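Summary of structural features
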Amino acid sequence: MNRAAATPAPQEFDRVLSSMCTEPHPAAREAAVAFLADNPGDPATYPAVSDLEAEAVETLGDVVGLDDPHGYVGSGGTEANIQAVRAARNLADGDVNVVAPESAHFSFQKAAGVLDVELRLAPTGDDHRADVAAVADLADDDTALVVGVAGTTEYGRVDPIPELGEVAAGVDARLHVDAAWGGFVLPFTDRDWSFADAPVDTMTVDPHKMGQAPIPAGGFLARDAETLDALAVDTPYLESDAQPTLGGTRSGAGVAGTHAALDALWPDGYRDQYERSQANADYLAAELDARGYDVVDPVLPLVAADVPDDEFESLRNDGWRISRTASGELRVVCMPHVTRGMLEDFLADLSAAGRT
Ligand code: 0PR
């Protein structure tokens, strides 16, 4: 085998329909390259990237409706969700549990595993949103955290966050909102999911998804400083004396890329992108519906539809990067790189697949 021949090349995005990642904004790509060797985990040694992070967190606060936010740019949604569970556990006494809808991302299973807390999953309703009564049934005096999702991974649904906040308050638990994917599109909708709308303690909002920042760039935000204090460990030999993050050395590329993306896009660029993505999702849903497939209504730019196995496989063989929900529906995420032209090509291939 000739190993020398091929120059490694990154994935092209022209057939990627299932990913929650996308091409970074050009300014974000440039900033990421410039800050590749800076470590925001050591702010006293790398103050420039640390200053960018402080500004980025301020702007992320604007995105999620929070004045005076506390948080950081980490490795992604998994880390932020682990940190939300960790903060709740550290602030509670004894053995605790976490109650989440079954639509919650699998990162909560990792969080429960590494932190040794019980994860209780409540069934969702027919609309794929958290069933508040089912969540309330599972919550008790040992519940440290109630989780709501604003933009679910499989169907793009937004849980009733204020009602989940009431459940949390009723058992003296904290409320975490996972807006890892939805955080950058939801500000342009009229839903009550933000820190300003409900007693949210912590939130996940990922620049490396809809935020158009380079990977790795996850956002963890908290309403108060005590949350970060509860996460901090002493760092005696660094010039800064405590570290609340889960990672130690962190990505300067992610932080600087996030800062640049926010600078370029918040709010107008993100609003335009939301409108384009939502229009594409509505178009795809209408076309699939017209072809006779069962479609889950895209309340955010994510379309799920029942497509038979042989057609799904044929599309994959045509090079489309597509995935399925746990119940087997085709799932298309209308990320910024997904254009109307791509969807037209995809539908043409679907029609051909249906005939063979
Ligand atoms: N919370 C939600 C709501 C998510 O959708 C995800 C990731 C996470 C948390 C975890 O985020 P990180 O992966 O940044 O830790 N959801 C995507 C998924 O599982 C992740 C993904 C992204 C998968 C791009 C594939 C891909 O190409 O589908």
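Structure first, text after, so check above.
Computed from a prediction, not measured in an experiment: that's the story for all the values here.

Moving on: the sheet that holds strand 5 (residues 174–178). Spatial ordering of the open sheet is given by 1-7-6-5-4-2-3, a layout of seven strands whose pairing is mixed. Of all strands in the sheet, those bounded by a partner on one side alone are strand 1 (70–74) and strand 3 (118–122). Shown here is a sheet whose adjacent strand axes are inclined to one another by a mean of 20°, direction ignored. Those strands touched by helix 4 (residues 107–115) are strand 3, strand 4 (143–149) and strand 5, and its axis lies near 155° from that of strand 3.

So, on to helix 2 (residues 47–63). Each full turn of the α-helix corresponds to 3.6 residues, which orients residues three or four apart in the same direction. End to end, helix 2 covers 24 Å across 17 residues, agreeing with the expected 24 Å (1.5 Å per residue, within 8%). All buried positions along helix 2 are accounted for by Val49, Ser50, Leu52, Glu53, Ala56, Val57, Thr59, Leu60, Gly61 and Val63. A positive backbone phi angle near 75° is found at Gly65, which sits one or two residues after helix 2.

Right, let's talk about the site of the ligand for a bit. What surrounds the ligand is a group of 18 residues, the closest being Ser19, Thr78, Thr153, Asp178 and Lys209. At 2.6 Å, a side-chain N or O of Asp178 approaches a nitrogen atom of the ligand. His208 places a side-chain nitrogen or oxygen 2.9 Å from an oxygen atom of the ligand. When the ligand is considered free in solution it has 590 Å² of accessible area, and contact with the protein chains removes 76% of it. Considering every element that reaches the shell around the ligand, the biggest residue donor is helix 3 (residues 77–91), with three residues. When the residues that make up the shell around the ligand are grouped by side-chain class, the tally is four nonpolar, ten polar and four charged.

Before going further, it helps to spend a moment on the environment of Glu58. For Glu58, the location among the structural elements is in helix 2. In the structure, Glu58 is positioned 13 residues away from Gly71 in sequence and 9.1 Å away in space, judged by C-alpha atoms.

Before going further, it helps to examine the pairing of strand 7 (residues 218–222). Most of strand 7 is tucked away, with five of its five residues classed as buried. Here strand 7 shows no split at all, with Gly218, Phe220 and Ala222 on one side and Gly219 and Leu221 on the other all buried. Note that strand 6 (residues 202–204) and strand 7 share three bridges and pair antiparallel. If you follow Thr204 over to strand 7, its bridge partner there is Phe220.

Before going further, it helps to examine the nonpolar core. With 57 residues, the main nonpolar core has Val64, Val135, Trp181, Phe184, Trp193, Val200 and Met203 as its most contacted residues. Not counting chain neighbours up to four residues away, the residues in contact with Val200 comprise Ile161, Leu175, Val177, Trp193, Ser194, Phe195 and Arg223.

Conventions and cut-offs
Per chain, the residues get numbers from 1 upward, laid out in the order the sequence is written. Restriction of local features to residues with pLDDT of at least 70 applies here, the model being predicted, together with a cutoff of 80 or more for giving and counting side-chain atom pairs; totals for whole chains, interfaces and linings are based on all residues. With hydrogens and water excluded, all non-hydrogen atoms of the structure serve as input to the side-chain values. Two strands are said to pair when DSSP picks up at least two bridges between them. Per the convention used, a helix needs a DSSP run of H or I reaching at least four residues, while a strand needs a run of E reaching at least two, with both numbered from the N terminus. Axes here mean lines fitted to C-alpha atoms, for a helix over just the part in contact, with angles spanning 0 to 180 degrees between N-to-C directions. In what follows, a contact means two residues having at least one pair of non-hydrogen atoms within 4.5 Å. Between the first and last residue of a helix there are one fewer steps than residues, each counted as 1.5 Å, and that sum is the expected span. Only protein chains enter the area calculation, which uses a 1.4 Å probe; residues under 20% of their type maximum are buried, those over 50% are exposed, and those in between are partly exposed. By convention in these notes, a residue is near a molecule or strand provided one of its non-hydrogen atoms lies within 4 Å of it. Polar contacts, as used here, are pairs of N or O atoms within 3.5 Å; protein pairs need one atom able to donate a hydrogen and one able to accept it. Residues neighboring in sequence count only if both atoms are side-chain atoms. Where accessible areas are quoted, they stem from the Shrake-Rupley method and a 1.4 Å probe; at the residue level, only the protein chains shown are allowed to cover. Throughout this entry, Asp, Glu, Lys and Arg are counted as charged residues, while Ala, Val, Leu, Ile, Met, Phe, Trp, Tyr, Cys and Pro are counted as nonpolar. The remaining residues, Gly among them, count as polar. By nonpolar core is meant a set of buried Ala, Val, Leu, Ile, Met, Phe, Trp, Tyr and Cys residues that side-chain atoms within 4.5 Å join together.

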